[in-house]
Structure formats: structure tokens, C-alpha cells
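Chain residues, written in single-letter form:
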Amino acid sequence: MTEPRIRDATMEDAEALLAIYRPFVANTIVSFEVEAPSVAEFRQRIDHALERWAWIVAEQGGRPVGYAYGTAHRPRSAYQWSVETSVYVDDGHRGMGIGKRLYARLMPILADKGYCNAYAGITLPNEASIALHRSVGFVPVGVFRRVGHKFGAWHDVSWWHLPLREDPPPNP
Ligand SMILES: CC(C)(COP(=O)(O)OP(=O)(O)OC[C@H]1O[C@@H](n2cnc3c(N)ncnc32)[C@H](O)[C@@H]1OP(=O)(O)O)[C@@H](O)C(=O)NCCC(=O)NCCS
């Protein structure tokens, strides 16, 4: 396998990244969205994440095969230094170290921007995601039981935490 190239996302990636994400909305409980966003909406999400947090892409053979990003944990001000992270790798490219490379790049970017805590919510079961988060240093916080309802059933979400830095910057 050639080494994937990790780079910042651009607006032009929206269609390719949405193609990676869409099946998780349509067919799985990995995403709690029930309707896939439009390309325009997805472009806006990338734009918004780039403005405040980060959105990066893994590219192989000149085509995006995975992505990871940070976004708001919760909207109230006191949560501003905590970030929620997500990562998706395309079918056929999983289990090859791409998720780990993406997270290894994402976390220092978020820390440099002043974010102190990364949190990830993993709908259970998801062995690969739990293995990835554990592998890059996340520790389990707890499980929200029956917190999401999709495809006519309740689902548990396991929350994970990675400290990124001790304090926010003095003059944000
Ligand atoms: C979860 C996901 C992002 C992991 O990315 P990946 O590129 O497949 O994972 P990597 O190859 O980088 O592996 C990272 C670690 O997880 C382990 N791992 C990967 N897939 C695994 C699996 N199916 N079962 C058990 N462990 C697994 C690897 O062995 C590795 O562990 P190590 O660092 O201790 O050797 C990817 O599988 C994916 O996109 N899954 C579908 C979407 C998803 O669930 N996203 C997360 C939402 S919370």
C-alpha cells in the first residue's frame, strides 16, 4: 500500500467525502443522521469546521479515501475548548492504518488551536472505532444507554475522551 497523503480538506472535496459518508447514514447506526445531507450542506459543514476546528483528508492515488474533523462538543460557552471528533474511512481502505494516521494528524492541529479536550461518541457495537480510539490514547468515559433511536430501535453510545492540552491559550 502506498502511504496516504494527509492534507486539509477543501470545499472541492465535498462530493467525494459525502460519497464516503452517505452509506453510513443510509445503512448503519454509525451516523445518527437519518437523511444524508446535500452536497451544498456538506460543503458548508467542511467550511464551518475549517473555520473553527479542522477537517483533514487522507488521499490515495489522488482520491480521498478517508477524512476526520473536529466540531463543537456542545454550544454553551464553557464547552468552547472541548471538541468532538469524527473519522470515516472508505470501504476497501479500512484496517490499513488510515484512520490512525488521520487522528494522529488531527489531534495536534486541534491542540495548536487551543482545544483542550477531544470527545468521541461511538454507537455500539463498533469494534473498529473503539480499537482506533483506544489506540490513539482515548479513554472510555461511559455509555449513554438507549440514547439514539434509528431504524426502529434504540442504540447505546459509548463516549471517549482524549486530553489535548492542559489550558486554553491566554489570549484566544
Ligand atoms: C473506525 C475507522 C475510522 C477506523 O479506521 P481504520 O483506518 O479502519 O483503522 P486503522 O487501520 O487505522 O486501525 C486503528 C487501530 O484499530 C484496529 N482496528 C481496525 N479495524 C479493526 C477491526 N475491524 N476490529 C478490531 N480492531 C480494528 C487496528 O488494528 C489498529 O489498532 P493498533 O493501532 O492497536 O494496531 C474505520 O474502520 C471506519 O471508517 N469505520 C466506519 C466508520 C466509523 O465507524 N467511523 C467512526 C465513527 S465513531
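The paragraphs below set out a description of the structure included in this document. (Residues numbered from 1 in each chain as written. Predicted model: local features only at pLDDT ≥ 70, side-chain atom pairs only at ≥ 80, totals over all residues. Heavy atoms only, no water.)

Right, let's talk about the overall build of the protein for a bit. Across its full length, the protein carries four helices and seven strands. Helices (α) and strands (β) of the protein occur, in sequence order from the N terminus, as β-α-α-β-β-β-α-β-α-β-β. A globule of 172 residues ought to have a C-alpha radius of gyration of about 16 Å, and the protein, at 16 Å, matches this closely. For the protein, the spread of C-alpha atoms along the principal axes amounts to about 40 × 40 × 30 Å. Across the 172 residues in the protein, those meeting the buried criterion constitute 44%. By sequence separation, contacts in the protein at least 24 residues apart represent 65% of the contacts at least 6 residues apart. When the accessible surface of the protein is summed, it comes to about 9500 Å², and 51% of that surface belongs to carbon and sulfur atoms. (Helix = DSSP H or I, 4+ residues; strand = E, 2+ residues; numbered from the N terminus. Rg over C-alpha atoms; globule rule 2.2 N^0.38 Å. Buried < 20%, exposed > 50% of the residue type's maximum accessible area, 1.4 Å probe, protein only. Contact = heavy atoms within 4.5 Å. Areas by Shrake-Rupley, 256 points an atom, 1.4 Å probe, with all protein chains shown as cover.)

Turning our eyes to something else, we now look at helix α3 (residues 98-112). Quick reminder: α-helices carry 3.6 residues per turn. Residues three or four places apart thus point the same way. Taking 1.5 Å as the rise per residue, α3 with 15 residues should run 21 Å; its terminal C-alpha atoms sit 22 Å apart, in good agreement. For α3, the set of buried residues is I98, G99, L102, Y103, L106, M107, L110 and A111. Positive phi shows up at G114, right after α3, with a value of about 105 degrees. (Expected span 1.5 Å × (residues − 1).)

This part covers the sheet that holds strand β6 (residues 139-150). Reading across from one edge, β1-β2-β3-β4-β5-β7-β6 is the order of the seven strands in this open sheet, with mixed pairing throughout. Strands at the two margins of the open sheet, each flanked by one partner only, are β1 (5-8) and β6. Taking the axes of each pair of neighbouring strands and ignoring which way they run, one obtains an average angle of 25 degrees across the sheet. Pairing geometry for β6 and strand β7 (residues 153-163), over eight bridges, is antiparallel. Of the residues in β7, the one forming a bridge with V143 is S158. (Pairing = 2+ DSSP bridges. Axes fitted to C-alpha atoms, helices over the stretch in contact; angles between N-to-C directions.)

Among the 21 residues in the neighbourhood of the ligand, the closest are listed as V89, G97, K100, N126 and S135. Between an oxygen atom of the ligand and a main-chain N or O atom of M96, the distance comes to 3.1 Å. Contact between the ligand and K100: an oxygen atom at 2.5 Å from a side-chain N or O atom of the residue. Those elements that place two or more of their residues in the shell around the ligand are β4 (82-89), α3, β5 (117-123) and α4 (127-135). Looking at the shell around the ligand element by element, the count peaks at six residues for α4. Each residue belonging to the shell around the ligand can be placed in one class, and the counts come to eleven nonpolar, seven polar and three charged. (Near = heavy atom within 4 Å. Polar contact = N/O pair within 3.5 Å; in protein donor to acceptor, adjacent residues only side chain to side chain. Nonpolar A, V, L, I, M, F, W, Y, C, P; charged D, E, K, R; others polar.)

Glancing now at the packing of aromatic side chains. Within this structure, the stated rule accounts for twelve aromatic pairs. What links up through ring pairs into an aromatic cluster is the set Y21, F24, F42, W55, Y67, Y69 and Y88. (Phe/Tyr/Trp six-rings, centres within 6.5 Å; stacked < 30°, edge-to-face > 60°.)

As a further point, take the packing of α3 against α4. Across the interface, α3 lies against α4 with an axial gap of 10 Å and an inter-helix angle of 40 degrees. One element, α3, and the other, α4, form an angle in the oblique class. When you trace α3 past α4, the crossing you get is right-handed. Only L132, H133 and S135 of α4 make contact with α3, whose side of the interface consists of G99, K100 and Y103. (Parallel < 35°, antiparallel > 145°, perpendicular 65-115°, else oblique. Left-handed = near helix turned anticlockwise from the far one by under 90°.)

So, on to the nonpolar core. In terms of nonpolar packing, the biggest core is built from 29 residues, with L102, Y103, L106, M107, L110, F138 and L164 touching the most fellow members. At the level of elements, β2 (54-60), β3 (63-72), β4, α3, β5, α4 and β7 are the ones that each hand at least two residues to this core. A total of seven residues in this core trace back to one element, the largest contributor, which is α3. Filtering out sequence-adjacent residues up to four positions away, L102 remains in contact with I6, I56, V57, A58, G66, Y67, A68, V87 and V89. Ranked by size, the runner-up nonpolar core spans 16 residues in total, among them Y21, A49, W55 and Y67. (Core = buried A, V, L, I, M, F, W, Y, C linked by side-chain atoms within 4.5 Å.)

This part is about the environment of V141. On the secondary structure map, V141 appears in strand β6. Put simply, V141 and P23 are 118 residues apart on the chain and 28 Å apart in space, counted from C-alpha to C-alpha. Contacts of V141, omitting those with residues within four sequence positions, involve W159, W160 and H161.

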